[in-house]
There are 2 protein chains.
Amino acid sequence: MHTYSQKLNSNDVARRAGVSQATVSRVLSGSSSVREETRNRVLAVIEELNYQPNAFARAMKTSLSGTVGVVVSRITNPIVPEILLHLANKLTGHGRQMVVWNTDTEGEDGVVNAIRQRVIDGLIFTAAGEQSAAMQAARKNGMPVACINRHITDPGISQIAGNNLEGALTIADYLVSAGRKRIAMINGPLDRSTLAEREAGIRQGLAAAGRELPEQYYARSEFAHDKFRDLAIAMMRQPSPPDAIACGNDVIAFAVLCGLRAEGLDVPDDVWVTGFDGIEMAGWDVFDTTTMKQPLDAMATATVEALVDSIENNETEPRMVRFATELVIRGSTANTPYRNC
Amino acid sequence: MHTYSQKLNSNDVARRAGVSQATVSRVLSGSSSVREETRNRVLAVIEELNYQPNAFARAMKTSLSGTVGVVVSRITNPIVPEILLHLANKLTGHGRQMVVWNTDTEGEDGVVNAIRQRVIDGLIFTAAGEQSAAMQAARKNGMPVACINRHITDPGISQIAGNNLEGALTIADYLVSAGRKRIAMINGPLDRSTLAEREAGIRQGLAAAGRELPEQYYARSEFAHDKFRDLAIAMMRQPSPPDAIACGNDVIAFAVLCGLRAEGLDVPDDVWVTGFDGIEMAGWDVFDTTTMKQPLDAMATATVEALVDSIENNETEPRMVRFATELVIRGSTANTPYRNC
DNA sequence: AATTTTTGTGAATACGTATGCATTTATGAA
DNA sequence: TTCATAAATGCATACGTATTCACAAAAATT
């Protein structure tokens, strides 16, 4: 038999330690100096009674909850859990919790309420949403915000992302220098800054080689596996199909590979495929996708640091960080060496 | 120019509406009866001032936060985001928020603290963890708990899962009746009830057909893509390789398919493969995996209902629900019709 | 009309912590 | 030793809500 841990408060601790409640509070928050001996006595009682400070009372006084919100657009997009994993690890390291909102299916009401009620100390955006209700609510309520893997025009907000333009330039150069003649691109919505920047990089890279991205080698659709798959099929059924398809990200590349497989085409013999992001699945044999790897771990670290500094130290200077990406060559392109200049 | 929404409290509303603070509280919580006219007047002022009740103060009084915790083992396992998506939707429908802990990399300290401090009203377990620190802490602190997609021996906890045994029996019957002669199984850790139950189902199903699962056709490893992949390769290199591999779940099946592809084997000509779960990716062309689909949406609904009832209505009777699964036949097995008896 | 019951409302209090202010104790300089 | 200064601690209060108790008014019952 056991009893639920009875509700203790700092007064109980204070009484037993022979100090005032204020001292207990000071020991816990470390805000003010407490004599070594007194501190140890209090800590011993806390240990002995198994006392846990009341998070709500603390939050009410400080207006800080220790919780950070994360807004994602589609949690089932495989890159999202990878990002969430890193964010959660970093936040845990700061003694913070993570609330997740999936705006795709939930809508934004939940986040907006949380912002207005300030039940979170700060917000991380993975989803686009420059003009989203959540972003506007955050701005209006003066809530610290950081964006990971997205660029927005507001210069007052910390933004941590990979260098998509440079990465895409490298991909274009890699494909051109490997002798690909008819390079195509399949991309997703351009209101996602990552995809827009990568497309710009591919176009720019081709132009630098005196090439271009002709209309019939370019296709774009909203974000849906089957749509990308069908675009790939349609593209390869053209009279003169491309011999390389650069995709806006790995997930698009997977869908394209599915389409090619459905058409009975061989990769890389018939056509090369490249992705972008370097998510785990890209290394699986069935995909084996050449990709541009983003350092998600470092990006998550930077994002959390920026946000936490903004929360704890009233740091107002936004941080704009671009991380270098790394070309990972795999079987979806012939195994040719490539020296990045 | 704008100002941040100034901090209002229920006293401000009360004053402006010409009532007492208690009445404002009653209007908001709906706990007690308020005259129609008074209520409307208060609501009008709330609207006018754009007042938001303070969630922390409310939480302190009621000892309820409106937040539910979800414990997952590995958020990057593709079935996890699918489950989280459904859970989040249902929780949002109940006006609740979701905190996620990924015990694989974060450890359990975060959850345990949250439990002890009661910053969450209830907890949903996706991860195993019958003997986990979090589960024990939840029990010790009398926190409402529900398990989805996992079975634990504690009969005092609501458990919602698919009928793994029946589903696996069906798979075995399907493979046998389709004429597969050498049926193998590749599985993950048996301390995951889902995998254990499915293995039992396969064995039982084979036995019912007068067959068995010989040692050389059975392999198991911890949960890691490469391990499953290598197990598949090793199994197919045997003198008399199997002509069908039943996998503990879809993700294992994906790894097996990767191994088969690496070996240059054809599916389903050389060997059939089945998964279990029916996650989205199983329908992608590169996998095209025959699987046993679990009704995750319904399962999530049942889980959240059980937990919320337990929280709000002090419902103590645990709910044990098993959902029927559905065989989805795809290209990883020859497209033979199957009549489930 | 007189009584009982119900309904609506206000005053006061408690939840558990952090912190400004006042006070005591320790420390160091003269 | 004496005084000035710094460090350590206690007292009291505020954070914003929910809720008990008391009471008045209205409704229902006799």
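Since we're looking at a predicted model, the values are computed, not measured.

A. Up close: the overall build of chain A. If you tally the helices and strands in chain A, you get 13 helices and twelve strands. Taking 2.2 N^0.38 as the reference for a compact globule, 341 residues should give roughly 20 Å; the C-alpha atoms of chain A span a radius of gyration of 26 Å, well beyond that estimate. The principal-axis extents of the C-alpha atoms in chain A amount to approximately 85 × 45 × 40 Å. When each of the 341 residues of chain A is scored for burial, the buried share is 54%. Within the structure as shown, chain A displays about 14700 Å² of accessible surface, and the carbon and sulfur contribution to it stands at 47%.

B. Structural detail: the relation of the copies chain A and chain B. Turning chain A through 180 degrees and shifting it by 0.0 Å along the axis lays it on chain B, with an RMSD of 0.1 Å. Considering both components of the superposition, the chain copies are consistent with a two-fold axis. Among all C-alpha atoms of chain A, that of A:V99 lies closest to the rotation axis, at 2.3 Å.

C. Structural context of helix α8 (residues 133–140) of chain B. Residues and elements named next belong to chain B. If you check which residues of α8 are buried, you get A134, M135, A137 and A138. Taken down its axis, α8 places every buried residue within 165 degrees of arc, on the same side. The inward-facing, buried residues of α8 contact α7 (109–116), β3 (122–125) and β4 (145–148). Phi turns positive one or two residues past the end of α8, at G142, with a value near 60 degrees.

D. Layout of the interface of chain A and chain B. Listed as interface residues are 52 residues of chain A and, on the opposing side, 53 residues of chain B. Both sides of the chain A and chain B interface together cover about 5000 Å² of buried area, and 61% of this is carbon and sulfur. Per-residue buried area on chain A facing chain B is highest for A:F56, A:W284 and A:D285; these three make up 15% of the total on that side. Ionic pairing is found between A:D285 and B:R229, a salt bridge with its closest N-O pair at 2.5 Å. At the junction of chain A and chain B, the tally comes to 16 residue pairs in polar contact (both at pLDDT 80 or more). Where the side of chain A that touches chain B is concerned, the elements lending two or more residues are α4 (55–62), α5 (79–93), β2 (97–102), α6 (103–106), α7 (109–117), α8 (133–140), α11 (225–236) and α12 (250–262) of chain A.

E. How the structure looks around the environment of B:A134. All names here are of chain B. In this fold, A134 is placed in helix α8. The sequence separation of A134 and P239 amounts to 105 residues, and the corresponding C-alpha distance is 47 Å. What A134 contacts, discounting residues up to four positions off in sequence, is E108, V111, V112, I115 and F125.

F. Fine view of the domain arrangement of chain A. Per the domain assignment, the segments making up chain A are domain 1 (5–51), domain 2 (65–162 + 295–323) and domain 3 (164–294 + 327–333). Look at where the C-alpha atoms of domain 1 of chain A and domain 3 of chain A centre, and you get two points 61 Å apart.

G. Main features of the sheet that holds strand β6 (residues 183–187) of chain A. Residues and elements named next belong to chain A. Pairing is parallel in the open sheet, where four strands are placed in the order β7-β6-β8-β9. Of all the strands in the sheet, just β7 (218–220) and β9 (272–274) have a single pairing partner and so form its edges. Going across the sheet, the axis of each strand differs from the next one's by a mean of 15 degrees, ignoring polarity. As defined by bridge partners, strand β8 (residues 244–247) adjoins β9 across three bridges and the pair is classed as parallel. Bridge pairing in β9 places A244 opposite W272. Helix α9 (residues 164–177) contacts β6, β8 and β9 of the sheet and is inclined by roughly 165 degrees relative to β9. Running at roughly 170 degrees to β6, helix α10 (residues 193–208) makes contact with β6, β7 and β8 of the sheet.

H. Structural context of unusual backbone geometry. Going from A:V267 to A:P268, the amide bond is cis rather than trans, its omega being 15 degrees. On the secondary structure map, A:P268 appears in the loop between α12 and β9. A positive phi angle, close to 55 degrees, is found at B:R118, a residue other than glycine. The topology assignment puts B:R118 in the loop between α7 and β3.

I. Summary view of the protein's contact with DNA strand C. For DNA strand C, the set of nearby residues contains 28 residues, the closest of which are A:S10, A:Y51, B:T23, B:S33 and B:T38. By atom count, sugar and phosphate contribute 57% of the portion of DNA strand C lying within 4 Å of the protein. Contact between DNA strand C and A:S10: a phosphate oxygen at 2.5 Å from a main-chain N or O atom of the residue. Examining the composition of the surface near DNA strand C, we find that five residues originate from one element, α4(A), more than from any other. For the surface near DNA strand C, a count of residues per class yields nine nonpolar, 13 polar and six charged.

J. Expanded view of the sheet that holds strand β6 (residues 183–187) of chain B. Residue and element names in this part refer to chain B. What the four strands build is an open sheet, ordered β7-β6-β8-β9; its pairing is parallel. In this open sheet, the two edge strands, each paired with only one partner strand, are β7 (218–220) and β9 (272–274). On average, each strand axis in the sheet is inclined to that of its neighbour by 15 degrees, with strand direction left out of account. Sheet topology note: the β6/strand β8 (residues 244–247) ladder contains four bridges and is parallel.

K. Examining the protein's contact with DNA strand D more closely. Neighbouring DNA strand D are 28 residues, the closest being A:T23, A:S33, A:T38, B:S10 and B:Y51. Within 4 Å of the protein, the atoms of DNA strand D are drawn from sugar and phosphate moieties in a proportion of 57%. Take B:Y51: an N or O atom from its side chain is 2.3 Å from a phosphate oxygen of DNA strand D. Those elements that provide at least two residues to the surface near DNA strand D are α2 (21–29) and α4 of chain A together with α1 (10–17), α2 (21–29) and α4 (55–62) of chain B.

L. Geometry of the packing of aromatic side chains. Tallied over the full model, the rule gives eleven aromatic pairs over all chains. Here A:Y174 and A:W272 contribute two aromatic rings whose centre-to-centre distance is 6.1 Å and whose plane-to-plane angle is 35 degrees, an arrangement assigned as tilted. Residue A:Y174 is located in helix α9, and its partner A:W272 is located in strand β9; the two are separated by 98 residues in the primary sequence. Aromatic side chains A:F223 and A:F228 sit 5.3 Å apart centroid to centroid with 80 degrees between the ring planes, which places their arrangement in the edge-to-face category. Ring pairs connect the aromatic residues A:F254, A:W284, A:F287, B:F254, B:W284 and B:F287, which therefore count as one cluster. Just above the ring of A:F223 sits the side chain of A:R192; from NZ or CZ to the centre is 4.5 Å. Sitting over the face of the ring of A:Y218, A:R203 holds its NZ or CZ atom 4.7 Å from the ring centroid.

M. Region of the structure containing the pattern of salt bridges. Applying the stated criterion to the full structure yields 30 salt bridges over all chains. Between B:R203 and B:E199 there is a salt bridge; the shortest N-O distance is 3.0 Å. Of the two residues, B:R203 and B:E199 are both situated in helix α10 (residues 193–208); the distance of four residues between them amounts to about one turn of the helix. Accessibility expressed as a relative area gives 35% for B:R203, which makes it partly exposed. Residues participating in the shared-partner salt-bridge network are A:R96, A:D121 and A:E312.

N. Spotlight on the nonpolar core. A:F287 and B:F287 are the most contacted members of the largest nonpolar core, which totals 151 residues. Ranked by size, the runner-up nonpolar core spans 44 residues in total, among them A:V112, B:V112, B:A114 and B:M143.

Rules used throughout
Residues numbered from 1 in each chain as written. Chains lettered and ligands numbered in written order. Predicted model: local features only at pLDDT ≥ 70, side-chain atom pairs only at ≥ 80, totals over all residues. Heavy atoms only, no water. Helix = DSSP H or I, 4+ residues; strand = E, 2+ residues; numbered from the N terminus. Rg over C-alpha atoms; globule rule 2.2 N^0.38 Å. Buried < 20%, exposed > 50% of the residue type's maximum accessible area, 1.4 Å probe, protein only. Areas by Shrake-Rupley, 256 points an atom, 1.4 Å probe, with all protein chains shown as cover. Least-squares fit on C-alpha atoms with pLDDT ≥ 70 in both. Arc of directions from axis to C-beta. Contact = heavy atoms within 4.5 Å. Buried area = accessible area lost by both parts, 1.4 Å probe. Salt bridge = Lys/Arg side-chain N within 4 Å of Asp/Glu carboxyl O. Polar contact = N/O pair within 3.5 Å; in protein donor to acceptor, adjacent residues only side chain to side chain. Domains from an automatic or database assignment. Pairing = 2+ DSSP bridges. Axes fitted to C-alpha atoms, helices over the stretch in contact; angles between N-to-C directions. Near = heavy atom within 4 Å. Nonpolar A, V, L, I, M, F, W, Y, C, P; charged D, E, K, R; others polar. Phe/Tyr/Trp six-rings, centres within 6.5 Å; stacked < 30°, edge-to-face > 60°. Lys NZ or Arg CZ within 6 Å of the ring centre and 35° of its normal. Core = buried A, V, L, I, M, F, W, Y, C linked by side-chain atoms within 4.5 Å.

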